[in-house]
Amino acid sequence: MRTAARAFLFAVALTAMSPWASAYYYYVFFASGTGPYAPLAAHFDLNAIKDNTVQYFISDQAPAPLMPGDNLTAIYSQIRQAAEVWNGVRSSSLRLHFGGTRNMATPQTVPGIDVVFDDNMPPGIVAQTTLTFPSDLAFLSAKGTTFVPILRSKLQLRKDLTAAGYQQSSYSDAFFMTLVHEFGHTLGLQHTFTSATMSTAITRATTRGAPLAADDISGISLLYPAGGYAVSTGSITGKVIGAVSGAGINMASVVAISTSGVAVSGITRPDGTYEIDGIPPDQYYIYVHPLPPPQAGEGNPANIVPPADPQKDNFAANTGFVTQFFPGTQDWTQAAPAGVGAGSVAKDVNFVVTPSGGPAVYAMETYGYPQGVAIPSPPFLPKSRNAIVFYANGATVNNQSAIAPGLSASIIGPTASIEPGSLQYFASGFLLAWVDTADLQVETPVALAVRLNGDLYVLPAAFTIMPGGAPSVTAVTLPSSGSTAATTITGKNLTANTRILVDGAPAHVLAANKDGSLDILQPAALSGMQAVVEAVNPDGQTSFQSLGANPAPLLTYPQANAPQIFQTPDTVVAGTDTLMVISGVDTHFADGQTTIGFGSSDISVRGQWVVSPTMVILNLSVDPAARPGPTYITVATGLEIVTAPNLLNIAAADPKQISLRVPVLNAVTGLAGIPAGGIARIATAGLPADLTGWTLTVGPLPAAYTADVNGVLTVQVPTGLGIGAQTVQLSAPANAALPAIPRVMLQLDPAPPQILWGVDTPVPDGGPVLVSASNPVPPGQSVILMVYGLSSTSGVLPGVGAVWMNIGGAIYPAASVTRVPADPNSTAPPSDLAYVSFVVPTTLVPDPAVSNPSVPVMVGTGTRLSGAYTLFIPPALPSPPATTP
Amino acid sequence: MVLAVLLWTMAKHPMRVVAIFAFLACAGIPASATILQQLTLDEMARKSTSIVRARVTGCSEVVRGSDVFTLYKFETLETLKSGPATREVAVPGGVAGGMRQVVVGAPTLRAGREYVLFLWTSHSGLTQLMGMSQGLFQIERTTSGDLRASRDAAGEQMLDAAGHAVRDETLSMPWKELKARVSKSMAIAVTAAPPPGAQALRAGK
């Protein structure tokens with residue numbers, strides 16, 4: 001673990017991200033206790049990790065005993081899939097990588113996340129998450145400091161998973177969602193009140209099928225922004241002050257909620273100001289509510305850790321005020337919604353709040369019975385009548401036997417309504433109301449507002465209107481031994497878009513059959529494994545939500561040999577980059593499914609090529625401060641998780657050691673793929689200035705190169721090499737008496753895609769018109785490009801998620817990618833032509849001095865990037881004439 | 001229809017309705033940074049290694065392994081259950097050893113305040129609170145001068161012994177009552193389990 005001094009140097013010396021104006025539910029720090037309050041959020045330092053990737057590890061002290069029928073592989077699979085949820089946020093630049101099993105006693109230099117199983121917790125605690133920051137906060141006031149680094153996070157579960165209070169099998173949705181939530185904390189997210197995954201207590205409405213809500217996505221995307229996120233979303237700013245004191249209200253929660261079910265929130269600063277960023281464009285009602293008051297023994301309401309500063313000032317939350325909608329009403333029908341557009345700020349959404357002793361109603365949970373069993377935050381069909389039951393602190397009286405007098409409830413927005421007079425006491429402290437839903441075509445969370453004694457409570461996702469039914473799995477049919485048929489999943493509401501999870505690991509859906517069943521290719525697994533099968537639909541519904549007490553469907557894998565792994569080389573040197581070959585026996589390595597970890601934050605996988613089911617080649621970087629000694633190798637392919645302890649040795653750094661640095665980059669595009677005949681750039685470490693007699697090869701062929709004063713090599717990649725991974729070897733003269741320089745891999749790509757032409761849309765009646773100076777495309781409009789050579793070497797056209805646009809140097813998503821239909825009258829094989837469409841960003845501002853403004857556009861996929869296409873946009877409008885006084 | 005069934009069920013089988021709602025609670029278990037197992041007062045009394053009424057006198061922070069703990073020193077005013085001699089209780093989180101650690105849900109004790117502490121001392125000798133904030137009751141004097149022990153519902157996610165989500169409840173009672181209940185729990189713990197039928201007899205009294 002780092003010392004405070006090293007942590008201090010590390011935190012200050014590295015490039016920072018822009019200051020957070022709205023670190024609303026992060027771990028927040030201030031440089032001082034007096035204003036202006038510029039929140040500094042805690043997050044992983046992306047400059048301290050490779051490729052924006054934080055590694056997470058699972059302790060080599062495995063949990064035991066386990067629930068009957070559960071197994072370690074299943075548990076590890078669920079942990080990995082929970083981490084993958086956060087990897088799925090494309091607007092976040094942070095990635096999580098499974099670093100495998102590790103010995104938690106080995107000190108690490110590079111930040112990471114540890115998942116441990118440890119019963120060294122008092123009875124009554126089932127799991128806890130710990131974040132570690134630098135102790136000395138003096139650096140907060142240093143110029144240029146914009147964040148506080150998370151040095152390490154630990155997610156601690158009990159070792160005995162059968163212990164009272166935690167008798168959950170790993171396949172349960174609850175176990176999975178707990179892990180997703182805890183991973184959110186490890187990354188720097190605190191609690192919110194928007195029915196999101198990071199919501200507190202019992203108000204969460206997310207499911208395994210839809211595990212992140214808008215607030216979660218906004219939170220992680222603003223903490224680790226990828227390009228383009230900020231300009232695609234909007235903001236709301238304002239201030240919350242006390243009606244009596246006139247002072248700013250600290251740590252009030254402000255929520256923007258749309259009638260389409262999106263809820264994004266922020267928390268005020270000590271002066272009462274707030275800014276909610278990352279709001280998808282829409283119309284929003286905005287309300288302010290206090291955090292639930294602190295409990296006995298809790299220093300902080302809602303267990304939200306308040307801001308800290310070097311002077312240890314007190315930033316306690318003000319929880320004594322009444323909830324209200326903007327502008328100053330508790331009746332949402334009287335509230336004034338604010339329009340939020342991409343890149344816009346809705347300002348001065350201010351509140352003057354009335355003091356109170358505490359919330360009249362809080363911590364609401366809802367249930368419905370759409371499938372005959374109780375489901376929390378239930379799904380209701382459109383145009384249907386449903387009973388919804390809910391429990392909330394304060395909603396009942398007389399020892400929870402009667403509804404609180406004067407309590408009323410309403411649905412926010414037009415998507416549903418409560419039948420007049422239907423609100424009533426039900427049983428066991430629960431209230432009941434009959435709800436009629438509107439005829440909707442898309443899944444829509446619905447908010448419930450409850451009023452009592454002059455106070456208001458809002459639950460952003462009391463239920464969700466779901467047009468589709470929940471999936472179910474009634475049978476899992478494996479092919480007979482020796483058959484090449486697929487495994488068949490039988491059930492209801494299964495479509496080609498249904499995900500089939502096998503102990504959490506996704507199966508590949510091969511076909512959606514006419515009888516409603518799915519043919520799948522299950523993930524690789526260990527011999528004889530019995531795995532639980534779950535169906536998950538895109539609307540968030542899962543086959544487990546109505547499982548009740550029924551047993552979960554199982555898939556039993558056939559007996560097979562136990563897989564083994566070996567690696568070359570046996571030793572890596574601290575401070576070097578190197579290739580590594582992992583060989584397997586009875587393994588099933590697969591591209592896109594195999595993950596390899598080395599049990600150390602100090603060893604990073606920088607590139608991976610799956611050559612065959614029994615061979616993977618990697619590029620590794622070993623941190624200079626990596627602790628010498630043995631370490632684990634873990635290879636995970638679906639449910640086939642193989643861990644080899646002490647297989648790899650880390651040797652201490654050698655001052656004479658020279659290293660090539662990975663990834664090897666394309667000198668033109670800056671990406672990690674170079675076409676044959678292209679120019680590669682390779683950074684090095686420790687290279688001498690005189691390279692007389694030094695040779696460099698790419699694959700088996702010699703390559704011409706030059707070196708600059710910084711040791712960066714510019715390499716002419718030879719032609720005649722096969723597409724894919726090629727070794728790069730730099731060799732010193734025989735008499736140089738230097739340690740051998742580890743080889744690395746480069747990615748040899750096919751030729752880059754080419755943009756042939758572009759047309760704007762909509763297409764006029766006369767037919768498409770090419771984009772040109774005389775036909776510029778205004779921002780906000782779509783363009784369709786004809787692109788040649790986008791497919792992979794196997795002829796597969798990448799999906800829209802694998803294609804991006806580089807527009808004026810900024811990255812934007814492609815809107816669609818479709819293959820140009822083959823000429824039916826031609827016998828020639830279809831050309832590799834595709835239509836790629838995108839939306840011209842609204843943030844493009846033409847230079848008024850240029851008469852025909854344009855911006856370069858490139859299309860990229862994987863490590864390939866096209867040349868620039870010139871996109872003409874309309875010139876700037878002339879400035880209005882100055883008025884004469 | 002569902003309501004009719006439920007209402008009929010409630011009328012005929014009230015315990016079944018309770019079971020339904022226990023099931024409701026387990027149908028979807030939300031997540032929280034710290035997940036607690038709900039401990040009854042009886043369980044806390046039995047599982048604690050010691051129980052004291054104490055006044056916090058100060059605090060310091062230490063590193064144990066890779067974890068930081070805040071050690072609250074206390075002056076014992078009354079002992080309900082004797083255990084390993086200790087005058088401090090460790091709460092996870094704090095600033096020490098070059099690290100600042102945050103554990104969401106960790107309680108904060110105030111110097112000068114009185115508490116009832118349900119303590120658990122591990123094999124390593126570190127003494128912590130039972131169930132995070134569950135083992136912490138505030139002691140306050142009422143207007144009549146009597147002592148009252150209270151603990152509000154925990155904000156963290158809670159599970160019962162079977163892993164079902166439950167809502168925590170506020171506990172507040174006169175200090176004497178808490179003492180009596182703890183004593184009774186400990187007395188039950190040391191007596192043998194009654195033979196079948198005896199419990200029903202006692203319940204009928």
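What you see is a predicted model, and the numbers here were worked out from it, not measured in a lab.

1. Some details on the overall build of chain B
Across its full length, chain B carries five helices and 13 strands. When each of the 205 residues of chain B is scored for burial, the buried share is 48%. Nonlocal contacts in chain B, meaning residues at least 24 apart in sequence, comprise 59% of its contacts between residues at least 6 apart.

2. So, the sheet that holds strand S52 (residues 701-702) of chain A
All names here are of chain A. If you trace the five strands from one edge of the open sheet to the other, you get S48-S56-S55-S51-S52, paired in mixed fashion. On the outer flanks of this sheet lie strand S48 (674-675) and S52, each paired with one strand and no other. Bridge count between strand S55 (residues 724-731) and strand S56 (residues 744-749): five bridges; the pairing is antiparallel. Residue pairing across strands places threonine 727 opposite methionine 745, the latter belonging to S56.

3. Digging into helix H2 (residues 72-87) of chain A
All names here are of chain A. Given a rise of 1.5 Å per residue, 16 residues ought to cover 22 Å, and the 23 Å separating the end C-alpha atoms of H2 matches this to within 8%. The buried count for H2 comes to 14 of 16 residues, which makes it a mostly enclosed element. For H2, the capping residue at the N-terminal end is asparagine 71, with a side-chain oxygen 3.2 Å from the backbone nitrogen of threonine 73.

4. A short note on the nonpolar core
Residues and elements named next belong to chain A. Trp86 and Phe183 are the most contacted members of the largest nonpolar core, which totals 65 residues. Excluding residues that lie within four positions of it along the chain, tryptophan 86 makes contacts with Arg95, Leu96, Val180, Phe183, Gly184, Leu187, Leu189, Met198, Leu212, Asp216 and Ile220. Membership of the second largest hydrophobic core comes to 26 residues, among which are Phe380, Phe390, Ala409 and Ile411.

5. Section: the packing of aromatic side chains
All names here are of chain A. A complete count under the given rule lists 17 aromatic pairs over all chains for this structure. Ring centres of phenylalanine 326 and phenylalanine 351 lie 6.0 Å apart, and the angle between their planes is 75°; on these two criteria the pair is classed as edge-to-face. Taken together, the residues phenylalanine 326 in the loop between strand S14 (324-325) and strand S15 (338-340) and phenylalanine 351 in strand S17 (residues 351-353) connect sequence positions 25 residues apart. An identical accessibility class is assigned to phenylalanine 326 and phenylalanine 351; each is buried. Aromatic ring contacts, followed pair by pair, group Tyr285, Tyr287, Phe325 and Trp332 into a single cluster. Its guanidinium or amino end placed over the ring of phenylalanine 57, arginine 102 lies 5.8 Å from that ring's centre, counting from NZ or CZ. The ring of tryptophan 434 is capped by arginine 385, whose NZ or CZ atom sits 4.2 Å from the centre of that ring.

6. Topic: the sheet that holds strand S42 (residues 603-612) of chain A
Each strand in a sheet pairs with its neighbour through backbone hydrogen bonds, running either in the same direction (parallel) or in the opposite one (antiparallel). All names here are of chain A. Pairing in this open sheet of four strands is antiparallel, and the strands run S38-S40-S43-S42 from one edge to the other. Every interior strand has two partners, whereas the edge strands, strand S38 (564-568) and S42, have only one. This sheet shows a mean twist of 25° between the axes of neighbouring strands, independent of strand direction. Note: strand S40 (residues 577-585) against strand S43 (residues 615-622), seven bridges, orientation antiparallel. Across the sheet, residue serine 583 finds its bridge partner in S43, namely methionine 615.

7. Considerations on the confidence of the model for chain A
Residues of chain A with pLDDT of at least 70 account for 95%, and the chain-wide mean is 90. Contacts for the low-pLDDT stretch residues 1-23 of chain A, under 50 throughout, to residues beyond four places or in other chains number 54 contacts.

8. Quick notes on the pairing of strand S58 (residues 782-788) of chain A
All names here are of chain A. Note: strand S57 (residues 754-760) against S58, six bridges, orientation antiparallel. Paired with isoleucine 755 across the strands is valine 787, a residue of S58. Where S58 lies against strand S62 (residues 833-839), seven bridges are found, and the strand directions are antiparallel. Along S62, the bridge assignment pairs isoleucine 784 with serine 837.

9. Observations regarding the pattern of salt bridges
Summed over the entire model, instances satisfying the criterion amount to 16 salt bridges over all chains. For aspartate 119 of chain A, the salt bridge is made with arginine 158 of chain A, and the minimal N-O distance between the two is 3.7 Å. Taken together, the residues aspartate 119 of chain A in the loop between strand S5 (112-117) and strand S6 (125-134) and arginine 158 of chain A in the loop between strand S8 (152-157) and helix H3 (173-187) connect sequence positions 39 residues apart. Arginine 55 of chain B is the partner of glutamate 75 of chain B in a salt bridge, and the nearest nitrogen-oxygen pair spans 3.4 Å. Here glutamate 75 of chain B is found in strand S3 (residues 67-81), whereas its partner arginine 55 of chain B is found in strand S2 (residues 50-64), with 20 residues between them in sequence. Each of the salt bridges in this network shares a partner with another, and the network as a whole consists of Arg53, Arg55, Glu75, Glu78, Glu114 and Lys179 of chain B.

Cut-off values and rules
Residues numbered from 1 in each chain as written. Chains lettered and ligands numbered in written order. Predicted model: local features only at pLDDT ≥ 70, side-chain atom pairs only at ≥ 80, totals over all residues. Heavy atoms only, no water. Helix = DSSP H or I, 4+ residues; strand = E, 2+ residues; numbered from the N terminus. Buried < 20%, exposed > 50% of the residue type's maximum accessible area, 1.4 Å probe, protein only. Contact = heavy atoms within 4.5 Å. Pairing = 2+ DSSP bridges. Expected span 1.5 Å × (residues − 1). Polar contact = N/O pair within 3.5 Å; in protein donor to acceptor, adjacent residues only side chain to side chain. Core = buried A, V, L, I, M, F, W, Y, C linked by side-chain atoms within 4.5 Å. Phe/Tyr/Trp six-rings, centres within 6.5 Å; stacked < 30°, edge-to-face > 60°. Lys NZ or Arg CZ within 6 Å of the ring centre and 35° of its normal. Axes fitted to C-alpha atoms, helices over the stretch in contact; angles between N-to-C directions. pLDDT = per-residue confidence, 0-100. Salt bridge = Lys/Arg side-chain N within 4 Å of Asp/Glu carboxyl O.

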